[in-house]
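Coordinate analysis (summary)
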Amino acid sequence: MDAAHAVEAARTLLTRGGSNLDAEERRVLDSIEAGTLVARDAGDEADLRSSFGDRLADRVAAVGGSWGFIIAFSCVLLGWMLLNSEVLGRLGLAFDPYPYIFLNLMLSTLAAVQAPIIMMSQNRQAAKDRVAASLDYETNLRAELDILRLHHKLDHAVLARLEALDAKLDALSARLPS
């Protein structure tokens, strides 16, 4: 079956006219016609569509949402409190004594900046998931169309074989004396 027959069979199997096809279905039909593969890596596709800000948000979310960050940040907070309470407090040089108002301001600022960045990363992950779902649909549709085309070819081959056997039976029965 050549590419034109394959595309026509696929269009028939989709049971919709060419103008009613989705973008994914059109890409699948174009790939069948061109004889190319449909499968692509969703991560690579999403990376191609991402901006510098998207990639930066992913990195910030990856660092900010890790145990390493939590442990390191806890050590910095503990160090800040010890430095301002014990070390510099005894010398009378504490720049942010208890109740650590400047530290609270910095933590609030960090939270105010970090939360939207993490939300951007989550939105980007949702977009990646949509790309992956679309690519999975294209791959599944291509596989389904190929399987249906194979069934169609097998059905025709079986019918041709049955017709040939039927013709041979008719020829044999015509040779037998009545």
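A brief structural summary. (Residues numbered from 1 in each chain as written. Predicted model: local features only at pLDDT ≥ 70, side-chain atom pairs only at ≥ 80, totals over all residues. Heavy atoms only, no water.)

**Details of the pattern of salt bridges**
Which entries qualify depends on this criterion: Counted as salt bridges are all cases of a side-chain nitrogen of Lys or Arg within 4 Å of a carboxyl oxygen of Asp or Glu. Counting from the N terminus, the helices are DSSP H or I runs at least four residues long and the strands are E runs at least two residues long. Summary of the burial criterion: residues with accessible area below 20% of their type's maximum are buried, those above 50% are exposed, and those between are partly exposed, where the area comes from a 1.4 Å probe applied to protein chains only.
Tallied over the entire structure, the rule returns 7 salt bridges. Taking the shortest distance from any N to any O, the salt bridge between Glu45 and Arg49 comes out at 3.7 Å. You can see Glu45 and its partner Arg49 sitting in helix α3 (residues 42-49), 4 residues apart, about one turn around the helix. In this structure Glu45 comes out as buried when scored by relative accessible area, which is 16%. For Arg124, the salt bridge goes to Asp47, with nearest N and O atoms at 3.2 Å. Remark: Asp47 occurs in helix α3 and Arg124 occurs in helix α6 (residues 101-175); sequence separation between them is 77 residues. Judged by its relative accessible area of 9%, Arg124 is buried. For Asp47, a relative accessible area of 39% corresponds to the partly exposed category.

**Quick look at unusual backbone geometry**
Among all residues except glycine, the phi angle is most often negative; among peptide bonds, the trans geometry is most common. Across the junction of Tyr98 and Pro99, the peptide omega takes the value 15°, indicating a cis bond. Residues other than glycine seldom take positive phi values, yet Tyr100 does so here, at roughly 55°. Take Tyr100: it is sitting in the loop between α5 (67-91) and α6.

These results come straight from atomic positions and should not be treated as a statement about function.
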